[in-house]
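# Notes for the structure review
Letter by letter, the chains look like this.
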Amino acid sequence: SQQGEEDPQALSIQEGENATMNCSYKTSINNLQWYRQNSGRGLVHLILIRSNEREKHSGRLRVTLDTSKKSSSLLITASRAADTASYFCATDKVTGGGNKLTFGTGTQLKVEL
Amino acid sequence: GAVVSQHPSRVICKSGTSVKIECRSLDFQATTMFWYRQFPKQSLMLMATSNEGSKATYEQGVEKDKFLINHASLTLSTLTVTSAHPEDSSFYICSASSRRLSGNTIYFGEGSWLTVV
């Protein structure tokens, strides 16, 4: 079952603006990851934030995690047209053999010129 | 970096036939592989977890007799959609991980589009 809910479902901004996407989840997690997916393609891993971390940066990406509220946000600064894609958060649960990810509902970002 | 390859990337099959999708880890041994299904503009839904040498663990609501998963080696898992119906048309994505890799990182394949006509 889907654990994560993301909002907004769709976001349209102008190039150069910042884009913020939010993710909420229901159960305790080990870590939370953000992925990007271009239309009809596989997933690209963007960033991982551990449950004991509150904020993490990678280039133009900034991720926050609030475990008390069971929520995370992804901020893309100075957006570019090439950032147009769907963005998913995913929480993981360690199984005996590997990490099992549960994905959020996703945010479709469109960056217009 | 590690690469996971899926084949075929696109396949069209007739209703009632079976189709096999392969997921290979190209430069690491995947102790666990996961199969996801994604409908257009929707999220990824985990179908099953596949550990090398053992039976796959299916998520609730996924028919194991319809979606056959085999993980015969540490570099290959296959998903066979049996007696395919048009409603099975979807995007299927695999991911692979290894306890031996740093941080137990997960790598995703590029996905396979299945169209059942």
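Residues numbered from 1 in each chain as written. Chains lettered and ligands numbered in written order. Predicted model: local features only at pLDDT ≥ 70, side-chain atom pairs only at ≥ 80, totals over all residues. Heavy atoms only, no water.

This part is about the sheet that holds strand β6 (residues 55–58) of chain A. Residue and element names in this part refer to chain A. If you trace the 5 strands from one edge of the open sheet to the other, you get β1-β3-β8-β7-β6, paired in antiparallel fashion. Each of the sheet's edge strands pairs with one partner strand only, and the pair in question is β1 (5–7) and β6. Averaged over all pairs of adjacent strands, the angle between their axes in this sheet comes to 15°, without regard to strand direction. Pairing geometry for strand β3 (residues 19–24) and strand β8 (residues 71–76), over 6 bridges, is antiparallel. Each residue of the ladder has a partner; that of Ser24, found in β8, is Ser71. (Pairing = 2+ DSSP bridges. Helix = DSSP H or I, 4+ residues; strand = E, 2+ residues; numbered from the N terminus. Axes fitted to C-alpha atoms, helices over the stretch in contact; angles between N-to-C directions.)

Turning to the interface of chain A and chain B, a few remarks are in order. Between chain A and chain B, the residue contacts involve 18 residues of the former and 24 residues of the latter. Buried area between chain A and chain B, summed over both chains or domains, comes out near 1,700 Å², and the portion from carbon and sulfur atoms is 50%. Our count for the contact surface shared by chain A and chain B stands at 1 salt bridge. Across the pair A:Arg41 and B:Glu110 runs a salt bridge, and its minimum N-O distance is 2.9 Å. For the pair chain A and chain B, the number of links is 6 residue pairs in polar contact (both at pLDDT 80 or more). The set of elements that each furnish at least two residues to the side of chain A that touches chain B consists of β4 (31–37) and β10 (99–103) of chain A. For the side of chain A that touches chain B, the residue count by class is 5 nonpolar, 11 polar and 2 charged. (Contact = heavy atoms within 4.5 Å. Buried area = accessible area lost by both parts, 1.4 Å probe. Salt bridge = Lys/Arg side-chain N within 4 Å of Asp/Glu carboxyl O. Polar contact = N/O pair within 3.5 Å; in protein donor to acceptor, adjacent residues only side chain to side chain. Nonpolar A, V, L, I, M, F, W, Y, C, P; charged D, E, K, R; others polar.)

The next subject is the pattern of salt bridges. Residue and element names in this part refer to chain B. Per the stated rule, a full pass over the model turns up 6 salt bridges over all chains. A salt bridge links Glu22 to Arg24, with the shortest nitrogen-to-oxygen separation between them at 3.4 Å. Exposure remark for Arg24: the relative accessible area of 35% places this residue in the partly exposed category. (Buried < 20%, exposed > 50% of the residue type's maximum accessible area, 1.4 Å probe, protein only.)

What follows deals with the nonpolar core. Membership of the largest hydrophobic core comes to 23 residues, with the highest contact counts inside it found for B:Trp35, B:Tyr92 and B:Leu114. Counting residues per element, the ones that place at least two in this core are β2 (10–13), β3 (19–25), β4 (32–38), β5 (44–51), β7 (67–73), β8 (76–81), β9 (90–97) and β11 (112–116) of chain B. Membership of the second largest hydrophobic core comes to 21 residues, among which are A:Ala19, A:Ile29, A:Ile47 and A:Ala85. (Core = buried A, V, L, I, M, F, W, Y, C linked by side-chain atoms within 4.5 Å.)

The full count for this structure, using the stated rule, is 2 disulfides over all chains. Disulfide pairing is shown between A:Cys23 and A:Cys89; the S-S distance is 2.0 Å. Between A:Cys23 and A:Cys89, the disulfide has an S-S torsion of 70° and is therefore right-handed. Taken together, the residues A:Cys23 in strand β3 and A:Cys89 in strand β9 (residues 85–94) connect sequence positions 66 residues apart. Since its relative accessible area comes to 1%, A:Cys89 is described here as buried. Covalent S-S linkage joins B:Cys23 and B:Cys94, the inter-sulfur distance amounting to 2.0 Å. Residues B:Cys23 and B:Cys94 are joined through a disulfide that is right-handed, its torsion about the S-S bond being 80°. Of this pair, B:Cys23 sits in strand β3 while B:Cys94 sits in strand β9, placing them 71 residues apart in sequence. (Disulfide = S-S within 2.5 Å.)

With that settled, consider unusual backbone geometry. All names here are of chain A. Of the consecutive residues Asp7 and Pro8, the connecting peptide bond is found in the cis state with omega at -5°. Counting through the fold element by element, Pro8 comes out in the loop between β1 and β2 (10–14). Unusually for a residue other than glycine, Ala78 sits at a positive phi of about 45°. Tracing the sequence through the fold places Ala78 in the loop between β8 and β9.

What follows deals with the sheet that holds β3(B). Residues and elements named next belong to chain B. One open sheet holds the 4 strands; their spatial order is β1-β3-β8-β7, and the pairing between them is antiparallel. Of all strands in the sheet, those bounded by a partner on one side alone are β1 (4–7) and β7. The sheet shows a mean angle of 15° between the axes of neighbouring strands, taken without regard to direction. Here 5 bridges tie β7 to β8, and the two strands are oriented antiparallel to one another. Bridge pairing links Asn70 to Thr78 in β8.

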